[in-house]
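Residue-level structural notes
Take a look at the letters that make up each chain.
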Amino acid sequence: MVKRYLQVISLDDAHSLLSREFSCTPSVLQVPLERAAGRITAGPIFARYSVPEIHLAAMDGIAVVSSETKGASEQHPVILPRAARVNTGNVVPQEFDAVIMIEDVWESGGNYTIRKAAGPWQHVRPAGEDLAESEMVMPSRHRIRPHEIGALATYGITLLDTITVRVGLVPTGSELVPAGTRPAPGQVVESNTVMAKAMLEDAGAACTRYPFVEDQPDLIRDAIKAAVRENDMVIVSAGSSAGTKDFTAEVIAGLGTVLVHGVATKPGKPVIIGSIEGKPVIGLPGYPLSALTIIRELVLPFLKNYGLQVPEPVVIRAGITSALPKEIGSDEFVLCTLGKIGDRWMVSPQSKGAGVQMSAVRANAYIRVPRNSEGYNPGDTVDARLMVPVQDAENALLVTGSHDPVLDYLADILRPAGITLISTHVGSMGGILSLKKDDCHAAPAHLLADDGSYNTVFLKKYLPQIPIDLICVAGRQQGVVSRDGLSFADLPGRAFINRQKGSGTRMLLDYELKRAGISPDTIPGYEREATTHIAVALAVKSGEAEAGLCVYSAAKALRLPFVPVSQERYEIAIRHEHAEDPRVRALISAIRSERFKEILTMLGGYDTSETGTIRTV
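What comes next concerns the included structure. All of these numbers come straight from a predicted model, not from anything done at the bench. (Residues numbered from 1 in each chain as written. Predicted model: local features only at pLDDT ≥ 70, side-chain atom pairs only at ≥ 80, totals over all residues. Heavy atoms only, no water.)

The helix and strand tally for the chain stands at 16 helices and 39 strands. Taken over C-alpha atoms, the radius of gyration comes to 34 Å for the chain, far larger than the 25 Å a tight globule of 617 residues would show. Across its three principal axes, the chain shows a C-alpha extent of roughly 115 × 70 × 45 Å. The proportion of buried residues among the 617 residues of the chain is 51%. Long-range contacts, defined as pairs at least 24 residues apart, comprise 76% of the intrachain contacts of the chain with a sequence gap of at least 6. Roughly 28000 Å² of accessible area belongs to the chain as shown, and the carbon and sulfur atoms make up 51% of that amount. Charged side chains of the chain number 62 positive and 69 negative; the gap between the two group centres comes to 4 Å. (Helix = DSSP H or I, 4+ residues; strand = E, 2+ residues; numbered from the N terminus. Rg over C-alpha atoms; globule rule 2.2 N^0.38 Å. Buried < 20%, exposed > 50% of the residue type's maximum accessible area, 1.4 Å probe, protein only. Contact = heavy atoms within 4.5 Å. Areas by Shrake-Rupley, 256 points an atom, 1.4 Å probe, with all protein chains shown as cover. Lys, Arg positive; Asp, Glu negative; His and termini not counted. Charge placed at Lys NZ, Arg CZ, Asp CG, Glu CD.)

As C-alpha cells, this is what we get:
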C-alpha cells in the first residue's frame with residue numbers, strides 16, 4: 001500500500017494541538033550548584049542560615065557600647081571604660097552595639113579616647129542583614145543566572161531541584177553510522193539526534209540518545225516503547241516520510257495514536273505528532289535542515305509548556321537582496337546571511353535544499369515566509385530572525401561574488417578581530433551586480449574581457465561613475481582538473497563539469513574555447529553547473545565528470561592532476577565610499593598580511609607579487 005500523509009495542518013494549529021493534548025508536567029532534576037546556571041528552579045529556595053549569622057564589624061576600629069559614648073565632642077573628649085579592637089568582618093562581641101572607625105580614635109596606654117558619640121549599631125552589620133535564615137532566596141520557575149551561583153553558595157545551597165523535560169532521542173535507519181566514521185557509499189552519518197540533543201539541552205531539557213535502530217518495525221517498536229517508558233517526550237529521527245522503509249507513523253499508531261502526519265512547513269512537512277501513554281512522540285524528517293526547522297519551530301516552543309524558558313530570536317527589519325518566490329499554503333523558513341551596509345540591514349537567502357547543512361553553518365539569520373504569502377521581491381523589507389548575537393550580525397562582512405578557497409582563510413584571519421566574513425558564491429558577475437545595488441561590502445571577481453584585461457571593463461560598464469577600489473588577492477592559476485592529466489585540447493568528447501553562468505571561470509573557459517576554435521557543443525556536460533571550484537574538483541574525483549576548469553588549489557586539495565590554462569587576476573571590488581568601514585579596512589589588512597601570503601604559497605597556484613595592491617576604477 002502506498003503511504004500518504006494524513007490531512008496536513010498549519011504550524012499554528014500544530015502548536016495548539018500540542019498544548020491541548022498534553023499535560024506537560026515537567027520532571028525534577030537535582031543538580032549540584034556548579035551546574036545550576038541556566039536551570040529553572042522547581043520550587044522556592046530558602047536560605048539555610050542567616051547571612052551574616054552574627055553581628056560583624058563593617059569598619060576597622062573599636063567595638064563600643066553606644067550609650068557610653070554620649071556627650072563626646074571636640075570640647076569634651078570621652079575616655080571609654082571598655083572597648084575591643086576589631087577589623088572589618090570581625091565578630092562584634094555581644095556586649096557591644098557599635099563600632100567607631102579607628103581614624104576617629106586616640107589610643108594611649110591601652111585606653112581609647114573619642115571626640116564624637118556613636119549611635120546604636122553604627123558601622124555594624126547586624127545578623128541577617130543580607131538574608132535571614134529561612135527567607136526565600138528565589139521563587140519557583142526562576143532561571144538561575146551565572147552571577148547568582150555565588151549568592152546561592154553564600155546562603156548554604158549546594159544542591160538544587162530544577163525542572164527539566166526528559167527527552168528520549170531514537171535514531172532509526174539501517175544506513176546510519178556514528179559521527180567520526182567516514183561513511184561508505186549509501187551510508188549516512190547520524191547527525192539529527194546529535195543536533196537535537198545540543199539544541200534541546202541548551203533550553204534545559206535532559207536528553208538521552210539511544211542506539212541506532214535498523215529499519216525493522218519490530219526493532220523500532222521496542223526502541224520507542226523503552227524510550228516512552230523512561231522519558232517525558234520521545235523524538236524519533238527519520239522514517240516519517242512515505243518511503244518503503246519509513247515505519248515511524250505505523251509504529252506510533254500501533255503503540256498509541258498518530259495525531260498529525262504532516263505540518264505545512266517548508267522544510268519539515270513530513271513531521272509526525274503522536275501520543276503514546278499520554279506522552280508526546282515526535283517523528284522528525286530525515287533531511288537535516290527539515291529536522292532543524294521542526295526542532296526550532298515546533299519542539300522548542302512546546303518546551304515552554306513545561307516551564308522551560310526558550311528565548312525568542314531577535315528580529316531585524318532588513319531589505320532582501322533577491323527574489324524569494326513561494327506557493328501559498330505553507331510557512332517557509334529560509335536560511336539567510338544578514339549584514340549591515342552603512343546604516344541599512346540587508347539579508348540574502350541561502351540555498352533552500354533541505355539536505356545542505358552548510359547553509360545552516362553559513363547562515364546567521366532566517367526568514368519565515370507566512371503561509372498566505374507568495375514570497376518577496378528584491379528590495380522588500382522583511383523580518384530576519386537572528387541566529388547569532390546582534391553584535392555578531394553588526395560585525396558581519398558580506399562578501400558576494402566569485403568563489404575561491406582562500407576566502408575561507410581570510411575569514412579565519414579576520415575572526416580574532418570579531419569580524420565574521422560571510423561569503424555567498426554567485427559568480428563574478430553576480431557579485432558585481434550585488435555591488436551595484438550596494439547589497440554587499442565586497443565582491444570578488446576575475447572577469448576576463450576581450451582585450452585580455454581583468455575586471456575593469458565590466459566595472460566601468462555596470463557601475464559607471466561609481467568609484468571602485470580593486471584589491472588584488474593574487475594572480476592564480478586556472479586549469480583543467482581531471483583524473484587522467486587531460487589538457488585543454490582533450491576536452492571535446494569528455495564529460496565536463498562547468499561553472500555557473502556569470503562566473504569568471506565560465507567566461508575564461510569560453511574565451512579559451514574561442515581562441516582554440518573549440519565549439520561548446522562538442523563538450524558533453526558544458527551546461528552542467530557547479531558553484532565552487534571545490535565542487536568542480538569533487539565531481540571529477542567522484543567520477544561524475546571526466547574534467548572541469550578550476551583553480552590549482554582546489555585540484556591540489558583533492559590530489560587530482562592539473563594542467564594549467566591561464567593565470568588570471570583575482571581581485572576584490574569595494575565601493576570607495578565604504579573604504580573606511582572598519583570591516584573593510586580589516587579585510588585589506590588581512591590580505592596584505594604576511595600570514596595570508598604564506599597561506600597562498602602553501603595552497604599553491606597563486607602569484608603573490610601584487611597581493612594587497614589597490615587600483616581604483
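Moving on to the pairing of strand β5 (residues 61-64). When β5 meets strand β7 (residues 84-86), the two strands line up antiparallel, connected through three bridges. The partner of I62 across the bridge, within β7, is R85. Inspection of the sheet shows β5 paired to strand β8 (residues 98-101) by four bridges, in the antiparallel sense. When the bridges of β8 are listed, G61 appears paired with M101. (Pairing = 2+ DSSP bridges.)

A few words on the pattern of salt bridges. One pass over the structure, following the stated rule, counts 34 salt bridges. D12 is the salt-bridge partner of R368, the closest N and O atoms lying 3.8 Å from each other. In this pair, R368 sits in strand β27 (residues 365-369) while D12 sits in helix α1 (residues 11-21), placing the two residues 356 residues apart along the sequence. According to the relative accessible area criterion, R368 is partly exposed, its value standing at 22%. Note on D12: relative accessible area 37%, which makes it partly exposed. (Salt bridge = Lys/Arg side-chain N within 4 Å of Asp/Glu carboxyl O.)

Before going further, it helps to examine the pairing of strand β9 (residues 105-108). Bridge analysis of β9 against strand β10 (residues 111-114) gives four bridges, and the strand direction is antiparallel. Counterpart to S108 in the pairing with β10 is N111. Between β9 and the antiparallel strand that follows it, β10, lie two residues; G109 among them carries a positive phi value of about 60°.

The next thing to look at is the environment of V188. Among the secondary structure elements, V188 is positioned in strand β16 (residues 188-189). According to the relative accessible area criterion, V188 is partly exposed, its value standing at 41%. A sequence separation of 15 residues divides V188 from G173, and the C-alpha atoms of the two residues are 9.1 Å apart. Aside from chain neighbours lying at most four places away, what touches V188 is E175, L176, V177 and P183.

Together, V356, M358 and V361 make up a nonpolar patch on the protein surface, roughly 250 Å² of accessible area in all. Here V361 lies in helix α7 (residues 358-362). We classify V361 as exposed; its relative accessible area is 58%. (Patch = residues over 30% accessible without salt bridge, like charges linked within 9 Å, V, L, I, M, F, W, Y side chains within 5 Å.)

The full count for this structure, using the stated rule, is four aromatic pairs. Judged by centre distance (5.5 Å) and plane angle (80°), the rings of F302 and Y306 are edge-to-face. Accessibility assignment for this pair places F302 and Y306 in one class, buried. Grouping aromatic residues by their ring pairs yields a cluster made of F22, F302 and Y306. Seen from the ring of Y570, R476 lies directly overhead, with NZ or CZ sitting 4.1 Å from the centre. Positioned above the aromatic ring of Y526, the side-chain terminus of R506 is 4.8 Å from the ring centre. (Phe/Tyr/Trp six-rings, centres within 6.5 Å; stacked < 30°, edge-to-face > 60°. Lys NZ or Arg CZ within 6 Å of the ring centre and 35° of its normal.)

Moving on to the environment of L152. In this fold, L152 is placed in helix α2 (residues 148-154). Distance from L152 to H403, taken between C-alpha atoms, is 53 Å for residues 251 residues apart in sequence.

If you trace the six strands from one edge of the open sheet to the other, you get β17-β14-β18-β22-β21-β19, paired in mixed fashion. Where the open sheet ends on each side, the last strands, each with one partner, are β17 (206-209) and β19 (257-261). This sheet shows a mean twist of 20° between the axes of neighbouring strands, independent of strand direction. Bridging between strand β18 (residues 233-237) and strand β22 (residues 279-284) involves four bridges; their strand directions are parallel. Bridge assignment links V234 to a residue of β22, and that residue is V281. Contacts between helix α5 (residues 248-255) and the sheet are confined to β18, β19, β21 (272-276) and β22, with β21 contributing the most and set at about 25° to the helix. (Axes fitted to C-alpha atoms, helices over the stretch in contact; angles between N-to-C directions.)

A word on the packing of helix α3 (residues 192-202) against helix α6 (residues 288-303). Between α3 and α6, whose axes approach to 10 Å, the crossing angle comes to 30°. When the axes of α3 and α6 are compared, the pair comes out roughly parallel. Along this stretch, α3 crosses α6, giving a crossing that reads as right-handed. Here N192, M195, A196, M199 and L200 of α3 lie close against α6, whose contacting residues are P288, A291, L292, I295, R296, V299, L300 and L303. Of the residues belonging to the contact of α3 with α6, the class tally is eleven nonpolar, one polar and one charged. (Parallel < 35°, antiparallel > 145°, perpendicular 65-115°, else oblique. Left-handed = near helix turned anticlockwise from the far one by under 90°. Nonpolar A, V, L, I, M, F, W, Y, C, P; charged D, E, K, R; others polar.)

What follows concerns the side chain of S237. Secondary-structure assignment places S237 in strand β18. Those residues in contact with S237 that lie beyond four places of it in its chain are V170, P171, T172, E190, N192, T193 and L284.

Here we take up the environment of K436. Within the secondary structure, K436 is located in helix α10 (residues 427-436). Classification of K436 by relative accessible area gives partly exposed; the value is 44%. Sequence-wise, K436 and M101 are 335 residues apart; in three dimensions their C-alpha atoms are separated by 72 Å. Residues contacting K436, with those up to four places away along its chain left out, are Y462, L463 and R575.

Moving on, we get to unusual backbone geometry. The residue after V51, namely P52, is reached through a cis peptide bond having omega -10°. Examined against the element boundaries, P52 turns out to sit in the loop between β3 (45-46) and β4 (56-57). The amide bond that connects K266 to the next residue, P267, takes the cis arrangement and shows omega of -5°. For P267, the position within the fold is in the loop between β20 (265-266) and β21. Backbone geometry at H123 places phi at a positive 55°, although glycine is not the residue there. Summarising the element assignment, H123 is placed in the loop between β10 and β11 (124-125).

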